[in-house]
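Here is what each chain is made of, one letter per residue.
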Amino acid sequence: MTTHYNPPLKIREIGRLLKGNRFSELRDALGDGELLFELLQEPGNVYYAILIDSQATFDEFQKLSVTHSYTKEGYFAVPWSDAEDGADDPLP
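Please read all numbers here as calculations on a predicted model, not as lab measurements.

(A) Examining the nonpolar core more closely. Grouped together as the largest cluster of nonpolar side chains are 13 residues, with contacts concentrated most on Tyr5, Ile11, Leu35, Phe37, Ala49, Val78 and Ala83. Secondary-structure elements contributing two or more residues to this core are helix H1 (11-14), strand S3 (34-42), strand S4 (46-51) and strand S5 (71-79). Residues Leu18, Ile50, Phe61 and Tyr75 belong to the second largest nonpolar core, which totals twelve residues.

Below, the structure written as structure tokens:
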């Protein structure tokens, strides 16, 4: 199951943009109490902010970005308390 943050574009305001393209380096860039989200855009300006909580989830969305018309907008470190406010499912 994938956890989404809503509204997705708010991730840009509450999160800290991370540099990197490997799960291990992104995870290592997180501060205490931060979670990793990826912001994706589909054609028609539809956005998704996805919780990337494991290597498996990271790999899944890496594959989807090849087979689907997603544009990667970036990875964001989001404080757990802020992420909890917008998450559509309970956070880990």
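Moving on from the model shown.
(B) Structural detail: the confidence of the model for the protein chain. Residues of the protein chain with pLDDT of at least 70 account for 99%, and the chain-wide mean is 90. Within the protein chain, strand S2 (residues 16-18) carries the highest mean pLDDT (97), whereas helix H3 (residues 55-67) carries the lowest (86).

(C) Main features of unusual backbone geometry. In this chain, Asn6 is followed by Pro7 through a cis amide linkage whose omega measures -5°. In this structure, Pro7 sits in the loop between strand S1 (4-5) and H1. You will see that Asn45, though not glycine, has its phi angle at about 60°, which is positive. Within the secondary structure, Asn45 is located in the loop between S3 and S4. When its relative accessible area of 57% is taken as the criterion, Asn45 is described as exposed.

How each quantity is defined
- The numbers attached to residues start from 1 for each chain and follow its sequence in the written order.
- Restriction of local features to residues with pLDDT of at least 70 applies here, the model being predicted, together with a cutoff of 80 or more for giving and counting side-chain atom pairs; totals for whole chains, interfaces and linings are based on all residues.
- To get the side-chain values, all heavy atoms of the structure are used, and hydrogens and water are removed first.
- Only buried residues count toward a nonpolar core. Its members are Ala, Val, Leu, Ile, Met, Phe, Trp, Tyr and Cys residues joined through side-chain atoms within 4.5 Å.
- For every residue, the accessible area obtained with a 1.4 Å probe (protein chains only) is divided by the maximum for its type, and the residue is called buried under 20%, exposed over 50%, and partly exposed between those limits.
- Put simply, DSSP marks the helices as runs of H or I at least four residues long and the strands as runs of E at least two long, and each gets a number from the N terminus on.
- Looking at any residue, its pLDDT shows the predictor's confidence there, from 0 to 100.

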